Amino acid sequence: MRVGIISVFTDYHRRGSHHRGALQPQIGPLVAALLPSDLDIDVVNDTWEDPDWECDYDLVFLSALHSDFDRARQISHYYRRRGATTVLGGPMATSFPELCAPWFDAVTIGDPEGVVPRLWRDFLAGRLAPEYRAQPYDPLAVPTPRFDLVRGNPMVPISLEASRGCPFSCAFCTLTGLGTRYHTRPIELVVRDILSAQQMLTDKVAWPQRRLVGFMDNNIGGNPRWLAQLCDALAPLRIRWSSCVTFNVLRDEAMLDRLAASGCGMLYFGLESFNPAALEGMRKRQNVLDDVRRVVDAARRRGILITAGLMLSPVIDTLEDIARIPEHLRKVGLHVPTYIAFDTPIPGTPQFNRLAVSEARALLPGVPLRDLTGYTLATRPRHATPEAFIDAFKQVHQSVYSLATGMRKLADDLPRLLSRGHVAPALLDVFEVLCDAQPLPADRTFIAGTDKAPPERVPLSDADFATEAERDAVLSPWTVTDTAGRVLPHWRGAKPVYASKGRVPPEVTAGVELPLDTASVAPA
Ligand code: SF4
């Protein structure tokens with residue numbers, strides 16, 4: 001019995017194919033750990049490498065974001081044609097199970113822990129159900145991920161979750177769309193997983209790499225008291241770790257002391273914007289712009305590198321707001337953000353639902369689902385044409401990701417880090433600057449509906465399709481808006497699936513009520 005677990009990925013930068021970044025999705029090793037240990041399992045991080053197209057799988061699990069859904073559908077068709085049973089999980093399956101159902105043998109809604117073992121039993125018994133709903137989140141049911149199955153050579157092979165969800169409700173965030181919830185794991189189990197991971201990887205990666213831990217949490221600081229206890233438990237392990245937190249956690253200097261003592265070397269937070277009106281529109285009220293400089297300096301003094309991402313708001317930002325970004329970045333000492341993206345309406349989020357009903361042409365015409373990544377403009381700018389908005393984005397990008405700005409950042413960071421002996425974050429800083437200094441691909445428009453297609457391919461041939469209609473349905477990219485920019489009806493009205501304490505009540509149905517008509521999701 002052979003099982004494939006594929007974290008589907010579509011290159012949002014359209015640079016080549018795949019994205020061999022330092023961090024890798026952790027869902028594959030987690031799902032593998034929910035299956036019997038004697039199975040023949042391939043964990044495929046599509047971010048790193050293509051699935052093995054020659055492999056004869058019996059069962060294939062796919063996990064996909066909304067923007068990866070075209071590729072997930074095609075991979076599913078490929079393996080189903082070759083006799084495999086396919087299952088889709090992840091945010092797209094959870095938000096829109098009815099839309100996904102025809103393309104997979106089963107879809108899963110919610111967390112994998114309560115679903116995968118049940119699904120496996122049914123699969124073996126030959127009575128797979130079309131839909132599996134998660135049970136309430138149970139931290140004791142979270143197994144130690146199968147780190148021994150991680151392939152490729154990611155810089156941080158030990159990537160796991162200590163918590164799940166986030167207590168905030170930013171309007172653009174997929175987590176808010178799925179339903180706001182926050183769960184922490186018992187700290188002794190987090191420690192157990194790290195020690196087990198180091199053991200599993202003993203013969204595979206060198207000791208310095210086994211000391212690096214990437215907590216893939218969306219917000220490891222969602223419960224500051226628990227985070228302080230976690231830090232105390234991590235300190236004796238002598239690891240170097242990184243994660244994401246919200247700005248409120250970073251403002252607390254006592255917490256920064258604890259984080260530093262525990263081996264934390266880098267923290268990311270969603271700065272999103274220097275424009276207070278845009279932050280308000282995003283419901284990112286935990287950010288305090290006047291305090292960013294102090295926080296960046298306070299963290300750096302303790303050997304913690306702060307990184308942050310920015311989003312341009314097509315609804316709020318003017319061209320002048322965008323042009324001022326490099327100056328703001330310089331003033332707060334960040335210089336080079338992790339990314340500059342576009343505030344993007346992902347179906348199911350409050351942001352999407354608001355734009356979908358607010359006016360007929362809030363979004364651009366013919367927006368492909370695959371372009372809803374944050375790296376392609378999908379919302380019609382209010383204060384400029386799409387072309388002028390993109391020009392402003394390109395200029396800022398060029399300025400911020402230039403070698404000169406990178407050097408300014410290093411000149412600001414390195415003396416402060418190295419004078420206090422913080423070598424690891426200093427090296428990480430250099431690595432980040434070198435990786436970030438990449439020009440934008442010249443052949444992209446960055447405007448949804450006109451941008452180039454993603455580079456990834458699934459090797460489907462004529463023999464894989466019974467009819468032209470089937471070929472179209474599988475290969476044509478799905479769109480979210482019609483030719484006038486109106487949201488297509490089946491994307492409207494998705495409801496959060498996680499209710500109080502993260503429960504998934506059986507009566508709540510996410511997504512649409514329409515029966516699937518493939519023609520209605522093909523390009524408008
Ligand atoms: S703080 Fe981050 S993870 Fe939490 S809701 Fe906002 S964007 Fe999402």
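Everything below is about the structure printed above this text.
Residues numbered from 1 in each chain as written. Predicted model: local features only at pLDDT ≥ 70, side-chain atom pairs only at ≥ 80, totals over all residues. Heavy atoms only, no water.

**Q** Sorry if this is basic, but what is going on with the overall build of the protein chain here?
**A** Scanning the protein chain from terminus to terminus reveals 21 helices and 14 strands. Buried positions account for 58% of the 524 residues belonging to the protein chain. Within the protein chain, contacts between residues separated by at least 24 positions form 76% of all contacts whose residues are at least 6 apart in sequence. Of the accessible surface of the protein chain, which amounts to about 20,600 Å², a share of 54% is contributed by carbon and sulfur atoms. Both charge centroids of the protein chain, one from 57 positive and one from 61 negative side chains, sit 5 Å from each other. (Helix = DSSP H or I, 4+ residues; strand = E, 2+ residues; numbered from the N terminus. Buried < 20%, exposed > 50% of the residue type's maximum accessible area, 1.4 Å probe, protein only. Contact = heavy atoms within 4.5 Å. Areas by Shrake-Rupley, 256 points an atom, 1.4 Å probe, with all protein chains shown as cover. Lys, Arg positive; Asp, Glu negative; His and termini not counted. Charge placed at Lys NZ, Arg CZ, Asp CG, Glu CD.)

**Q** What am I meant to see in the packing of aromatic side chains here?
**A** The description of an aromatic ring pair uses the distance of the two centres, along with the angle that the planes make with each other. Summed over all chains, the structure comprises 19 aromatic pairs. Look at Y57 and Y79: their rings are 5.3 Å apart centre to centre, the planes differ by 70°, and that puts the pair in the edge-to-face class. Of this pair, Y57 sits in the loop between β2 (40-45) and β3 (59-63) while Y79 sits in helix α2 (residues 69-81), placing them 22 residues apart in sequence. Y57 gets classed as buried once you look at its relative accessible area, which sits at 3%. Ring plane angle 55° and centroid distance 4.7 Å describe the contact between F69 and W478, whose orientation is recorded as tilted. Linking F69 in helix α2 with W478 in the loop between α20 (468-475) and α21 (518-521), this pair joins segments that are 409 residues apart in sequence. Each member of the pair F69 and W478 is classed as buried. (Phe/Tyr/Trp six-rings, centres within 6.5 Å; stacked < 30°, edge-to-face > 60°.)

**Q** Would you mind going over the site of the ligand with me for this structure?
**A** Surrounding the ligand, one finds C166, F168, C170, F172, C173, L175, T176, N218, T246, K284 and Q286. In terms of residue class, the shell around the ligand is built from six nonpolar, four polar and one charged. (Near = heavy atom within 4 Å. Nonpolar A, V, L, I, M, F, W, Y, C, P; charged D, E, K, R; others polar.)

**Q** Can you help me understand unusual backbone geometry in this one?
**A** Residues other than glycine predominantly adopt negative phi, and peptide bonds predominantly adopt the trans conformation. A positive phi angle is found at R283, which is not glycine, with a value near 60°. The class for R283 is partly exposed, based on a relative accessible area of 30%. Phi is positive for F446, which is not a glycine, with a value near 65°. Looking at the element boundaries, F446 is found in the loop between α19 (423-436) and α20.

**Q** Before we go on, may I ask you to explain the sheet that holds strand β7 (residues 159-160) in this structure?
**A** Hydrogen bonds between backbone atoms are what pair the strands of a sheet, whose relative direction is either parallel or antiparallel. The strand order β7-β10-β11-β12-β13-β14 describes an open sheet built from six strands, whose pairing is parallel. Each edge of the open sheet is held by one strand with a lone partner, namely β7 and β14 (339-342). Bridge count for strand β12 (residues 264-272) against strand β13 (residues 305-312) is six bridges, and the pairing is parallel. Note that in β13 the partner of E272 across the bridge is L310. (Pairing = 2+ DSSP bridges.)

**Q** Would you mind showing me how to read the packing of helix α13 (residues 292-301) against helix α18 (residues 403-418) here?
**A** For any two helices packed against each other, one specifies the crossing angle of their axes together with the interaxial distance. It is at 9 Å that the axes of α13 and α18 come closest, and there the two elements cross at 40°. Looking at the two axes, α13 sits oblique to α18. Of the residues in α18, those touching α13 at R293, D297 and R300 are D412, D413, R416 and L417. Looking at the contact of α13 with α18 residue by residue, the classes come out as one nonpolar, no polar and six charged. (Axes fitted to C-alpha atoms, helices over the stretch in contact; angles between N-to-C directions. Parallel < 35°, antiparallel > 145°, perpendicular 65-115°, else oblique.)

**Q** Please clarify how the sheet that holds strand β5 (residues 106-109) should be interpreted in this entry.
**A** Strands sit in the order β2-β1-β3-β4-β5-β6 across an open sheet of six strands; the sheet is parallel. Both edges of this open sheet fall to β2 and β6 (131-133), since each of them pairs with a single strand only. Put simply, the sheet's adjacent strands are angled 15° from each other on average, direction ignored. Inspection of the sheet shows strand β4 (residues 85-89) paired to β5 by two bridges, in the parallel sense. Pairing of L88 across the sheet is with V107, part of β5. Here α2 sits on the sheet and contacts β1 (2-7), β3 and β4; the angle it forms with β4, its principal contact strand, is near 165°.

**Q** What exactly am I supposed to notice about the pattern of salt bridges here?
**A** Where charged atoms from two side chains of opposite charge approach closely, those side chains can pair. Within this structure, the stated rule accounts for 44 salt bridges. Note that D443 is salt-bridged to K452, the shortest N-O span being 2.9 Å. Its relative accessible area of 29% is what places K452 among the partly exposed residues. It is possible to trace a salt-bridge network through shared partners that takes in R293, D297, R300, K409, D412, D413, R416 and D429. (Salt bridge = Lys/Arg side-chain N within 4 Å of Asp/Glu carboxyl O.)

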